[in-house]
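A structural walkthrough
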Amino acid sequence: LSEKNWKFDEPVIVPKYWSPYPCTSDGEYRLINDESQAHSGDICIYIKGDIYGDGGVNVEEGDEITLTFWAKDPNEEKVWGVLYAYGKDEEGKAKFLSDALNFVRIASEEWREYSESITIPAKLRGYEVTGIKPALRSYTGAYFDDVSIEYKKSGEEKAATGKQPS
């Protein structure tokens, strides 16, 4: 984070299974431990940049991932729900393919829920999509809370859910 000129509190404390991703310079990350600022529970996060879920989900073409989160931005700027897509290279090693599986919303000044279901394509950049990691993004800085991921295997009911960071 410091190499990319990010602002952050030390020590860096993140919700379990989540990590800030310094893909941009001059980002910012803070864990807000204040019930009056959180959507629910005691904590929320402030991010200017990306934060992603460390645990990936193995996927196949046609699977559906629903990413839901609560966000607010006093400046009412864009927030993203993102699925980092992964495949395997020619040697069978994990390869980042794209962050093109995403949705964008204009955040409001007050907490609001944002959700989108994304169907996994067969390929991205010429590689089969075999896994995803969820991520949240704001280029201008926004607050996020109560993230959930639902996974529906192609042809089946929703199979798994998870909720963070409350």
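Scoring rules and cut-offs
Residues numbered from 1 in each chain as written. Predicted model: local features only at pLDDT ≥ 70, side-chain atom pairs only at ≥ 80, totals over all residues. Heavy atoms only, no water. Helix = DSSP H or I, 4+ residues; strand = E, 2+ residues; numbered from the N terminus. Rg over C-alpha atoms; globule rule 2.2 N^0.38 Å. Phe/Tyr/Trp six-rings, centres within 6.5 Å; stacked < 30°, edge-to-face > 60°. Buried < 20%, exposed > 50% of the residue type's maximum accessible area, 1.4 Å probe, protein only. Lys NZ or Arg CZ within 6 Å of the ring centre and 35° of its normal. pLDDT = per-residue confidence, 0-100. Patch = residues over 30% accessible without salt bridge, like charges linked within 9 Å, V, L, I, M, F, W, Y side chains within 5 Å. Areas by Shrake-Rupley, 256 points an atom, 1.4 Å probe, with all protein chains shown as cover. Salt bridge = Lys/Arg side-chain N within 4 Å of Asp/Glu carboxyl O. Lys, Arg positive; Asp, Glu negative; His and termini not counted. Charge placed at Lys NZ, Arg CZ, Asp CG, Glu CD. Core = buried A, V, L, I, M, F, W, Y, C linked by side-chain atoms within 4.5 Å. Contact = heavy atoms within 4.5 Å. Pairing = 2+ DSSP bridges.

**Description of the overall build of the protein**
Helix and strand content of the protein: 0 helices and 13 strands. Listed by position from the N terminus, the elements making up the protein come as β-β-β-β-β-β-β-β-β-β-β-β-β. What you see for the protein is a C-alpha radius of gyration of 16 Å, in line with the 15 Å of a compact globule of 166 residues. Its C-alpha atoms give the protein principal-axis dimensions of roughly 45 × 35 × 25 Å.

**A word on the packing of aromatic side chains**
Counted under the stated rule, the structure contains 10 aromatic pairs. Pairing Phe 69 with Phe 103 gives two aromatic rings, centres 5.8 Å apart and planes at 20°, and the pair type is stacked. Here Phe 69, found in strand β6 (residues 64-72), pairs with Phe 103, found in strand β8 (residues 94-106); they are 34 residues apart in sequence, far enough to count as distant. Both residues of the pair, Phe 69 and Phe 103, belong to the buried class. One aromatic cluster in this structure is built from Tyr 21, Tyr 52, Tyr 84, Tyr 86 and Phe 96. Its end group placed over the ring of Tyr 46, Arg 30 keeps NZ or CZ at 4.5 Å from the ring centre. The ring of Tyr 143 is capped by Lys 72, whose NZ or CZ atom sits 5.5 Å from the centre of that ring.

**So, the confidence of the model for the protein**
Predicted confidence across the protein gives a mean pLDDT of 88, with 92% of residues reaching 70 or more. Per-residue pLDDT, averaged within each element of the protein, yields its smallest value for strand β13 (residues 158-164) (53) and its largest for strand β9 (residues 112-119) (97).

**Re a negative patch on the surface**
A cluster of acidic side chains, namely Glu 76, Glu 77, Glu 109 and Glu 110, defines a negative patch on the protein surface. The residue Glu 76 is located in the loop between β6 and β7 (78-88) in this model.

**Structural notes on unusual backbone geometry**
You will see that Glu 76, though not glycine, has its phi angle at about 50°, which is positive. One non-glycine residue, Asp 146, lies in the positive phi region at around 50°. The topology assignment puts Asp 146 in strand β12 (residues 131-152).

**Structural notes on the nonpolar core**
Formed by 30 residues in total, the largest nonpolar core has its most connected members in Ile 65, Phe 69, Ile 120 and Phe 144. Listing elements by their share of this core, those giving two or more residues are β4 (43-53), β6, β7, β8, β9 and β12. When residues in this core are grouped by element, the largest group, 7 residues, is from β12. Not counting chain neighbours up to four residues away, the residues in contact with Phe 144 comprise Cys 44, Ile 45, Ile 47, Phe 69, Trp 70, Ala 71, Val 79, Trp 111, Leu 136, Arg 137 and Ser 138.

**Here we look at the pairing of β7**
Across the 11 residues that make up β7, a large majority, 8, are buried. The sheet contact formed by β7 and β8 spans 10 bridges and is antiparallel. Paired with Lys 88 across the bridge in β8 is Ala 94. With antiparallel pairing between neighbouring strands as the criterion, β7 and β8 make up a hairpin whose turn holds 5 residues, including Gly 92 at a positive phi of roughly 85°. With 7 bridges joining them, β7 and β12 adopt antiparallel strand pairing. Among the inter-strand pairings, Tyr 86 is bridged to a residue of β12, identified as Gly 131.

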